[in-house]
Amino acid sequence: MRESLGERLRRSPLVLPAAALLVLLLVNVVVTPGFLALRVVDGHLFGSVVDILKNGAPTALIALGMTLVVATRGIDLSVGATVAIAGSVACTWIAGASDPTDPGTALVGIVLALGLALVLGAWNGLLVAAFGIQPIIATLVLMTAGRGLAMLITDGQIITVANPLFAELGGGFLLGLPVAVVVAAVMFAAVALLTRRTALGLLIESVGVNPTASRLSGVRARGIVWGGYVFAALCAGVAGLMISSNVTAADANNAGLWIELDAILAVVIGGTLLTGGRYSIGGTLLGALILQTLTTTVYTAGIPPEVSLVFKAAVIIVVFLLQAEKVRALLHRRRPVGERVATP
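This one's a predicted model, so the numbers in the text were calculated from it and none came from an experiment. (Residues numbered from 1 in each chain as written. Predicted model: local features only at pLDDT ≥ 70, side-chain atom pairs only at ≥ 80, totals over all residues. Heavy atoms only, no water.)

Draft legend 1. Expanded view of the overall build of the chain. Along the chain, the regular secondary structure elements total 15 helices and six strands. Across the 344 residues that make up the chain, the buried fraction comes to 44%. Of the contacts formed within the chain by residues at least 6 apart in sequence, a portion of 77% connects residues at least 24 apart. Surface accessibility of the chain: about 17,000 Å² in total, with carbon and sulfur atoms responsible for 69%. (Helix = DSSP H or I, 4+ residues; strand = E, 2+ residues; numbered from the N terminus. Buried < 20%, exposed > 50% of the residue type's maximum accessible area, 1.4 Å probe, protein only. Contact = heavy atoms within 4.5 Å. Areas by Shrake-Rupley, 256 points an atom, 1.4 Å probe, with all protein chains shown as cover.)

What follows is the structure, given as structure tokens:
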């Protein structure tokens, strides 16, 4: 007997995150009737929804990389430090150039920042995949030392830049949408296609479920784990460039501070198991949008700053409880008998 549409939706891990996002949007519409309104100015799209997408793009990108790391039964606490390092390298290079406004200077700064991010990701992957250090310990090393490295690069100062090309990454528009949104969308689409249309996704899940069995069956588990950390660092580097470009400055002390926690929350809200194996790219995107929309809701509703974090934590706990298998099973058992789906 085939499952009904309602039963398939009930079992889908994307239903609850999508419902939570919809509820948050409806709350904002009630508080601000024109919340969903969009307007076009000089061919560019503006509105609260566009702002949510733009401001949530860095977190979404970091969560994308974190998803693949978590799927291999790992964790990366150093992405926030990588964000700070990438922004510091790019802005320091641009500010110290003979012509800080030259487009070539911005390109070199971006390449250097992303190159260093890849090196940092390779370092994390080496510690975890080759030396067998626990991921939380291996990445904690870079989490604590990385921000100090960013402070050394900027000499403890906030480095401001005035490069038009560099400013486009965080504040520019492409095809009517913010460049940050377009970049994030392209990276999400590329990863989704690569992991769901090739065998890579299956290999990642197999490594997360049982790395020993995967290795014995011929899967290069260490290479996949190492690649996950490299990609996570690349995503963090791109996010760091977005953040520094948006404010045209590098703040090594505050850029990306605690963003790794938001990324982990987005991954878990999206249905990816912290124990490895099952993961969801679409769910991670929904999780990142939920967090950014929740932040916007707090500001829109006029909730005092001292209770905003408590409100945010309460909403997230409710979402987690509704996703828990035991809670969902309990709610399913308490449905009226006539509403239950008959099984053979």
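Draft legend 2. Representation of the packing of aromatic side chains in the model. Across all of its chains, the model carries one aromatic pair by this definition. On the basis of an interplanar angle of 55° and a centroid distance of 5.2 Å, the ring pair of Phe-46 and Phe-173 is categorised as tilted. Of this pair, Phe-46 sits in strand β2 (residues 44-47) while Phe-173 sits in strand β4 (residues 173-174), placing them 127 residues apart in sequence. A relative accessible area of 27% means that Phe-46 is categorised as partly exposed. For Phe-173, a relative accessible area of 23% puts it in the partly exposed group. The ring of Tyr-279 carries Arg-196 above its face, with NZ or CZ at 4.3 Å from the centroid. (Phe/Tyr/Trp six-rings, centres within 6.5 Å; stacked < 30°, edge-to-face > 60°. Lys NZ or Arg CZ within 6 Å of the ring centre and 35° of its normal.)

Draft legend 3. Representation of the pairing of β2 in the model. Bridge count between strand β1 (residues 38-41) and β2: four bridges; the pairing is antiparallel. When the bridges of β2 are listed, Arg-39 appears paired with Phe-46. Here β1 folds back onto β2 in antiparallel fashion, the turn holding two residues, of which Asp-42 has a positive phi close to 55°. (Pairing = 2+ DSSP bridges.)

Draft legend 4. View of unusual backbone geometry. Positive phi outside glycine occurs at Asp-42, with the angle close to 55°. Backbone geometry at Leu-175 places phi at a positive 60°, although glycine is not the residue there. Secondary-structure assignment places Leu-175 in the loop between β4 and β5 (177-178). With relative accessibility at 80%, the residue Leu-175 sits in the exposed group.

Draft legend 5. Main features of empty space enclosed by the protein. Under the criterion given, the structure shown has one cavity of 30 Å³ or more. By volume, the largest cavity is sized at about 40 Å³. Taken together, Val-83, Ala-84, Gly-87, Ser-88, Gly-240, Ile-243, Ser-244, Ala-250, Asp-251, Ala-252 and Ala-255 make up the lining of the largest cavity. For the lining of the largest cavity, the secondary-structure elements that each account for two or more residues are α4 (79-96) and α11 (221-247). With four residues, the single largest contributor to the lining of the largest cavity is α4. Its residues placed into classes, the lining of the largest cavity shows six nonpolar, four polar and one charged. (1 Å grid on protein atoms, 1.4 Å probe; cavity = no way out; pocket = protein on both sides within 12 Å on 5 of 7 lines; lining within 4 Å. Points joined across faces, edges and corners; volume = space filled by probe spheres on them. Nonpolar A, V, L, I, M, F, W, Y, C, P; charged D, E, K, R; others polar.)

Draft legend 6. Molecular detail of the nonpolar core. Grouped together as the largest cluster of nonpolar side chains are 77 residues, with contacts concentrated most on Ile-62, Leu-64, Met-66 and Phe-166. Those residues within four positions of Phe-166 in sequence are excluded, and the remaining contacts are Ala-90, Cys-91, Ile-94, Ala-106, Ile-110, Val-161, Leu-241, Ser-244 and Ser-245. (Core = buried A, V, L, I, M, F, W, Y, C linked by side-chain atoms within 4.5 Å.)

Draft legend 7. Spotlight on the environment of Gly-287. Within the secondary structure, Gly-287 sits in helix α13 (residues 281-300). Classification of Gly-287 as buried rests on a relative accessible area of 0%. The sequence separation of Gly-287 and Ala-20 amounts to 267 residues, and the corresponding C-alpha distance is 9.4 Å. Not counting residues within four places of it along the chain, the set of residues in contact with Gly-287 comprises Ala-266 and Ile-269.

Draft legend 8. A look at α11. Over its 27 residues, α11 runs 40 Å from end to end, which matches the ideal 39 Å to within 8%, given 1.5 Å per residue. Backbone geometry just downstream of α11 places Thr-248 in the positive-phi region, at approximately 50°. (Expected span 1.5 Å × (residues − 1).)

Draft legend 9. Structural view of the side chain of Arg-147. Mapped onto the elements, Arg-147 comes out in helix α6 (residues 135-154). One buried charged residue, Arg-147, remains without a salt bridge, the closest side chain of opposite sign being Glu-260 at 5.4 Å. A polar contact is formed between the side chain of Arg-147 and the backbone oxygen of Ala-252, at a distance of 3.0 Å. Here Arg-147 is in contact with Gly-80, Ala-81, Ala-84, Leu-142, Ala-252, Asn-253, Asn-254, Ala-255, Gly-256 and Leu-257, once residues within four sequence places are set aside. (Lys, Arg positive; Asp, Glu negative; His and termini not counted. Salt bridge = Lys/Arg side-chain N within 4 Å of Asp/Glu carboxyl O. Polar contact = N/O pair within 3.5 Å; in protein donor to acceptor, adjacent residues only side chain to side chain.)

Draft legend 10. Summary view of the packing of helix α3 (residues 48-71) against α13. At a closest axis distance of 8 Å, the pairing of α3 and α13 adopts a crossing angle of 140°. Judged on the interaxial angle alone, α13 and α3 are oblique. Once α3 is placed against α13, the crossing between them reads as right-handed. Here Ile-52, Leu-53, Asn-55, Gly-56, Ala-60, Ala-63, Leu-64, Thr-67 and Leu-68 of α3 lie close against α13, whose contacting residues are Ile-281, Thr-284, Ala-288, Leu-289, Gln-292, Thr-293 and Thr-296. Taken together, the residues of the contact of α3 with α13 sort by class into nine nonpolar, seven polar and no charged. (Axes fitted to C-alpha atoms, helices over the stretch in contact; angles between N-to-C directions. Parallel < 35°, antiparallel > 145°, perpendicular 65-115°, else oblique. Left-handed = near helix turned anticlockwise from the far one by under 90°.)

Draft legend 11. Local environment of the layout of surface pockets. Quantified by volume, the largest pocket comes out at close to 700 Å³. The leading source of residues in the lining of the largest pocket is α13, at six residues. For the lining of the largest pocket, the per-class residue count stands at 13 nonpolar, nine polar and three charged.

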